[in-house]
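# Residue-level structural notes
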Amino acid sequence: MVTADGRERLDLLACPACDALHSRPALDEGEVAHCVRCHAVILARKHRSVDRVVPAAAAALLAYLVAVTFPFVGVSEAGLANQISVIDAVVALAEGRLGLLAVVLGVFTLAFPLWMIVSLLMVTVPIRLGRPAPRYAAAELKVVRRLAPWAMAEIFLVGTAVSLVKVAGLAHLSFGPAFLGLLATVVLLAMATVYLCEDTIWAAVRAR
Amino acid sequence: MRSAAEEGLALCRYCRTVVPADEPRCPVCHDRIVLRQPRQLQRVWAFWLVALIAYVPANLLPIMETVTLGRGDPQTIIGGVFVLLEHHDYFIAGVVFVASIIIPTAKFGAIGWLAIAAARTRVRHPEGLHRVHRVVELVGRWSMIDVFVVAVLVALVQLGAVAQVRPGVGVLPFALTVIFSMLSAGALDPRVFWDKFDPEPLQGSAV
Ligand SMILES: [Zn+2]
Ligand SMILES: [Zn+2]
């Protein structure tokens, strides 16, 4: 239910980056409107958005499950071996000298990406099924937007690559399925975020 | 070019609905309507200062310690870069150097400069400041690489007497530096540059 007394100006749009006031353009799918003053994107309508977000986010969720259940990377040297999953890594850090490091790893690389994937699915699946936008859609879309800079699975992957280079002289390396799983999660989540047409969803929320 | 603020209107930052600026909440997504965050520059500087203070121990203290055959070898951030250089891993050394040294220091300078510019009464080139802010927001998070390097090495390299990696306390202030500099950049609203946009040069002796 809209509490507004109809004071919102749906005929207008302000640039989110510079606040220049525009009349709200009527876009077709696939069209993008830029601010005339600072050229930031002020409105974009993406092509078949929910049709593409749902499979990408669902595949990201699947890849995520692979990433957290299977072995991630391993080392061996002189008969000693250690193979870890991402969860093992968090547990090992939590039990070690600097437990807070486990929190950093768990929150930024495991919790936030999963939260984003789930939020994307919660918003887009009902709309894909032709239902009206769910009551919680606004809250979940805000989650997606707020978390985006803090979901750091791709940075973790680069960090892993760097650490493997550091270890390469010291021990033999092995890769588990989770490495590819996390890589796929990163790519698919990025795709789902790019496909997401916020304008379509907000229009559905307004129409509810 | 009129801004929404000049017309007494405000844009909801989430759902991009234009509403009167005196509306307390967005009618569509119920987010708080804030025309411009009051005291935003204080917030920017506060986060900036925390990040800068944390950056000192982050560089001075070891971020990890490699124990091979009983001998411990603590490593600072810059020490880690040198180890990679010694092993001729120039590309990776470059990645770590850029992510851990160049980006954080450049970011302190950039955010400080932007915050000073935003405090001025008039801004001549808002598009340049705006672009710098976008780059800072985009690139800053990648400094987290070194934190994850330590996390992976500590969890992975546990080969008893052969080799072990232990975390160094410096990694925590370094993570704080990255987090608080991200918060600092995020607290800055680029619209303030455009609010003060004034292309006219100052007249004569007015200064
Ligand atoms: Zn603009
Ligand atoms: Zn809103």
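Reading the values: the criteria
The residue count restarts for each chain, going from 1 along the sequence in the order it is written. For naming, the first written chain is A and the first written ligand is 1, with later ones following in the order written. Given that the model is predicted, a residue must reach a pLDDT of at least 70 before its local features are reported, and side-chain atom pairs must reach 80 or more before they are shown or counted; all residues, however, enter totals for whole chains, interfaces and linings. Computation of side-chain values covers all heavy atoms of the structure but excludes hydrogens and water. UniProt positions are given in the numbering used here, feature names are shortened, and annotations may be inferred rather than shown by experiment. In this text, helices come from DSSP runs of H or I with a minimum length of four residues, and strands from runs of E with a minimum of two, each type numbered from the N-terminal end. Coordination shells were defined by N, O and S atoms within 2.8 Å of each metal, extended to 3.2 Å for Na, K and Ca; water is absent from the atom set, which can make sites look incomplete. Under the scheme applied here, a residue whose accessible area is under 20% of the maximum for its type counts as buried, over 50% as exposed, and between as partly exposed, the area being computed with a 1.4 Å probe on protein chains only. Note on contacts: a residue pair qualifies if any of its non-hydrogen atoms lie within 4.5 Å across the two residues. Two parts lose some accessible area (1.4 Å probe) when they are put together, and adding that loss for both gives the buried area. A side-chain nitrogen of Lys or Arg and a carboxyl oxygen of Asp or Glu constitute a salt bridge if their distance falls within 4 Å. N or O atoms closer than or at 3.5 Å make up a polar contact, with two conditions inside protein: a donor-capable atom paired with an acceptor-capable one, and, for residues adjacent in sequence, both atoms drawn from side chains. Residue classes follow a fixed rule: Ala, Val, Leu, Ile, Met, Phe, Trp, Tyr, Cys and Pro count as nonpolar, while Asp, Glu, Lys and Arg count as charged, and any other residue, Gly among them, counts as polar. DSSP-based pairing: two strands are paired if at least 2 bridges between them are found. Patch building starts from residues that exceed 30% relative accessible area and form no salt bridge, then joins like charges within 9 Å and nonpolar side chains (Val, Leu, Ile, Met, Phe, Trp, Tyr) within 5 Å. In these tables, accessible area is a Shrake-Rupley quantity obtained with a 1.4 Å probe, and a residue counts as shielded only by the protein chains included in the view. Interaxial angle, 0 to 180 degrees, is taken between N-to-C directions of lines fitted to C-alpha atoms, where a helix line uses only the stretch in contact. Every angle not falling under 35 degrees, over 145, or within 65 to 115 is termed oblique; those three ranges are roughly parallel, roughly antiparallel and roughly perpendicular. Note on scores: pLDDT gives the predictor's confidence for each residue, bounded by 0 and 100.

## Observations regarding the UniProt feature "transmembrane region" (unreviewed entry) in chain A
Residue and element names in this part refer to chain A. The sites that UniProt annotates as "transmembrane region" (unreviewed entry) are residues 53-73, 100-127, 147-169 and 175-197. Along residues 100-127 one finds 100% helix and 0% strand; the C-alpha atoms at either end are 39 Å apart. A helix fraction of 74% and a strand fraction of 0% characterise residues 147-169, whose end C-alpha atoms lie 37 Å from each other.

## Quick notes on the coordination of the zinc ion (ligand 2)
Residues and elements named next belong to chain B. Coordination of the zinc ion (ligand 2) by the protein is provided by Cys 12 (SG), Cys 15 (SG), Cys 26 (SG) and Cys 29 (SG), with metal-donor distances spanning 2.2 to 2.3 Å. One chain supplies every donor to the zinc ion (ligand 2), and in sequence these donors are spaced C-x2-C-x10-C-x2-C. With a gap of 14 residues between them, Cys 15 in the loop between strand 1 (9-11) and strand 2 (18-20) and Cys 29 in the loop between strand 2 and helix 1 (40-60) connect regions that are remote in the sequence. Overall, the relative accessible area of 4% leaves Cys 29 in the buried class.

## Describing the interface of chain A and chain B
Taken together, the contacts link 73 residues of chain A with 66 residues of chain B. Between chain A and chain B, a total of about 6,000 Å² is buried, with carbon and sulfur atoms accounting for 72% of that surface. The tally of links between chain A and chain B comes to seven salt bridges. The salt bridge partner of Asp 19 of chain A is Arg 36 of chain B, with a shortest N-O separation of 2.7 Å. Where chain A touches chain B, the interface holds 25 residue pairs in polar contact (both at pLDDT 80 or more). At 12 residues, helix 5 (residues 153-168) of chain A tops the list of elements feeding residues into the side of chain A that touches chain B. A per-class count over the side of chain A that touches chain B returns 50 nonpolar, seven polar and 16 charged.

## Structural notes on the pairing of strand 6 (residues 80-84) of chain A
Residue and element names in this part refer to chain A. Pairing of strand 5 (residues 73-77) with strand 6 involves five bridges; the strand directions are antiparallel. Directly across from Gly 74, in strand 6, lies its bridge partner Gln 83. Linking strand 5 back to strand 6 in an antiparallel pair, the connection comprises two residues, with Ala 78 at a positive phi of about 50 degrees.

## So, a nonpolar patch on the surface
Residue and element names in this part refer to chain B. There is a patch of nonpolar side chains on the surface, built from Ile 78, Phe 82, Leu 85, Tyr 90, Phe 97, Val 98 and Ile 102 and spanning about 600 Å² of accessible area. Going through the elements one at a time, helix 2 (77-86) and helix 3 (90-119) are the ones with two or more residues in the nonpolar patch. Here the element with the most residues in the nonpolar patch is helix 3; it accounts for four residues. Among the structural elements, Tyr 90 can be located in helix 3.

## Observations regarding the packing of helix 2 (residues 86-95) of chain A against helix 3 (residues 100-128) of chain A
All names here are of chain A. Helix 3 packs onto helix 2 with a crossing angle of 155 degrees between their chain directions and a minimal axis gap of 7 Å. In terms of orientation, helix 2 and helix 3 fall into the roughly antiparallel class. Contacts between helix 2 and helix 3 involve Val 86, Ile 87, Ala 89, Val 90, Leu 93 and Ala 94 from the first element and Leu 101, Ala 102, Leu 105, Gly 106 and Leu 110 from the second. Each residue belonging to the contact of helix 2 with helix 3 can be placed in one class, and the counts come to 10 nonpolar, one polar and no charged.

## Focus on unusual backbone geometry
Residue and element names in this part refer to chain B. For Arg 16, which is not a glycine, the phi torsion comes out positive at approximately 60 degrees. Taking the relative accessible area as the measure of exposure, Arg 16 reaches 23% and is therefore partly exposed. Positive phi outside glycine occurs at His 30, with the angle close to 65 degrees. Note on placement: His 30 falls in the loop between strand 2 and helix 1.

## Some points on the confidence of the model for chain B
Summarising the model, chain B shows a mean pLDDT of 89, and 96% of its residues fall at 70 or more. As a predicted assembly, this complex carries a pTM of 0.91 together with an ipTM value of 0.90.

## Description of the sheet that holds strand 6 of chain A
All names here are of chain A. An order of 6-5-7 is seen for the three strands of this open sheet, with the pairing classed as antiparallel. Two strands close off the open sheet at either side, each with one partner strand: strand 6 and strand 7 (172-175). Pairs of neighbouring strands in the sheet enclose a mean axial angle of 15 degrees, with direction left out of account. As judged from the four bridges shared by strand 5 and strand 7, these two strands associate in the antiparallel manner. Considered in strand 7, the bridge of Ser 76 is made with His 172.

## Some words on helix 4 (residues 137-147) of chain A
One turn of an α-helix holds 3.6 residues; hence residues three or four places apart share an orientation. Residue and element names in this part refer to chain A. Most of helix 4 is tucked away, with eight of its 11 residues classed as buried. Turning to helix 4, its buried residues number three or more, namely Ala 137, Ala 138, Glu 140, Leu 141, Lys 142, Val 143, Val 144 and Leu 147. If you follow the buried residues of helix 4, they end up packed against helix 3 and helix 7 (198-207).

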